[in-house]
Amino acid sequence: MRKVIISLAPVHSGDPVDAVSLAEDVAACVKAGAGMCHLHCRQADGSLTPDPSYLQKQFAEIGKRCDVVWQASTGGVSDMTIEERCHPLDIPGVESSSLNAGSTNLNGAVYVNTWDQIDYCAKASYDRGIIPEVEVFDIGMIYNIARSAQRVPYHRPIFFNLVFGHQGGMQPDWKCLTSFINAVPADAVWGVTHYGRDNWEFLAAAIAMGAADVRIGFEDSNYLAPDEKAEKNVQLVERLVQLIRAEGLEPATPEETRQIMHLKGRG
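Since the model is a prediction, treat every value here as computed from it, not as a measurement.

Criteria and thresholds
- Residues numbered from 1 in each chain as written.
- Predicted model: local features only at pLDDT ≥ 70, side-chain atom pairs only at ≥ 80, totals over all residues.
- Heavy atoms only, no water.
- Buried < 20%, exposed > 50% of the residue type's maximum accessible area, 1.4 Å probe, protein only.
- Helix = DSSP H or I, 4+ residues; strand = E, 2+ residues; numbered from the N terminus.
- Pairing = 2+ DSSP bridges.
- Right-handed = clockwise from strand over helix to strand, strands pointing away.
- Salt bridge = Lys/Arg side-chain N within 4 Å of Asp/Glu carboxyl O.
- Contact = heavy atoms within 4.5 Å.
- Disulfide = S-S within 2.5 Å.
- Expected span 1.5 Å × (residues − 1).

A. Representation of the pairing of strand E8 (residues 159-164) within the structure. In terms of residue burial, E8 counts as a mostly covered element, since 6 of its 6 residues are buried. Taking every second residue as pointing to the same face, both faces of E8 are buried, with Phe-159, Asn-161 and Val-163 on one and Phe-160, Leu-162 and Phe-164 on the other. Across 4 bridges, the pairing between strand E7 (residues 131-136) and E8 is parallel. Bridged to Glu-135 within E8 is Asn-161. Running through helix H5 (residues 140-148), the crossover from E7 to the neighbouring parallel element E8 is right-handed. Across 6 bridges, E8 lies against strand E9 (residues 189-194) in parallel orientation. The partner of Asn-161 across the bridge, within E9, is Gly-191. Following the backbone out of E8, through helix H6 (residues 174-183) and into the adjacent parallel E9, one traces a crossover that is right-handed.

B. Here's a closer look at the pattern of salt bridges. Applying the stated rule across the entire model yields 16 salt bridges. With a closest N to O distance of 3.7 Å, Asp-119 and Arg-147 form a salt bridge. Residue Asp-119 is located in helix H4 (residues 115-127), and its partner Arg-147 is located in helix H5; the two are separated by 28 residues in the primary sequence. Asp-119 sits in the buried class, given a relative accessible area of 7%. The partner of Arg-151 in a salt bridge is Asp-119, and the shortest N-O contact between them spans 2.4 Å.

C. Structural detail: the environment of Met-80. Relative to the helices and strands, Met-80 is located in the loop between strand E3 (69-72) and helix H3 (82-85). Residue classification places Met-80 among the buried residues on the basis of a relative accessible area of 15%. Apart from the residues lying within four places of it in its own chain, the contact partners of Met-80 are Leu-48, Thr-49, Pro-50 and Arg-85.

D. Geometry of the state of the cysteines. For the structure on display, the rule yields 0 disulfides. With no disulfide of its own, Cys-121 lies 4.0 Å from the sulfur of Cys-86, the closest cysteine sulfur. In this structure Cys-121 comes out as buried when scored by relative accessible area, which is 2%.

E. Spatial organisation of H4. Over its 13 residues, H4 runs 18 Å from end to end, which matches the ideal 18 Å to within 8%, given 1.5 Å per residue. Those residues of H4 that are buried are in contact with H3, strand E4 (96-100), E7 and H5. Note on H4: the residue one or two positions beyond its end, Gly-129, has a positive phi of about 75°.

F. Just unusual backbone geometry, in detail. The linkage connecting Arg-156 with the following residue, Pro-157, adopts the cis geometry, with an omega of 0°. Residues other than glycine seldom take positive phi values, yet His-262 does so here, at roughly 60°. If you trace the backbone, His-262 turns up in the segment after helix H9 (254-261).

This is the structure we're talking about:
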């Protein structure tokens, strides 16, 4: 039976982060079916920072409560250097990273990821035994990775996260999804993020079309329905699990997530 990774991105940009409360929410999400947890490097007040100490505390609190793949983001619109953005990769136990594949106008800001920065982040991840998940906001970014792979030895298969819904990026409709999928190399694996989601139609279509990974959580949206918001991330995970099972599939456990993504494990 095909397994679908549920990647949990539990923290909305700019919101305060309490490590213990976050860890309890994540543990409930893992029990419900999440296999990976995606976190940005933030201070307790929610602001992005190059100091990974509080992110390390969040992962440690999560680790006390459940087994889940730790994915550290190297992204977010900020004035940090690429070296500072990669500091979370030095946290012991991080298994996966986000690798942003190009520059874009992101919700009114310019999100800069130059070719040199892409190469730097890819090499920084692989040098630490960390497998990156490549975030792409438009089709051209897929070809940026083909170029980067000529300079940095990427592990295969490359894992793409196709991001939809941001102003300035690809929008969540089946035509854009089909174009994106057709541009993904045949030997790669792909999943989706639907930013600003207030319904489940696009995610249902992506799963039916072969998505190996679906990201869910307050970072992207807290909507359960157009007129209903979740109070906890676990409500979103539970609804996504229902959707996956309605298509005759199952959510991947953390260990199955490691197998699908060829991760080394925290040990």
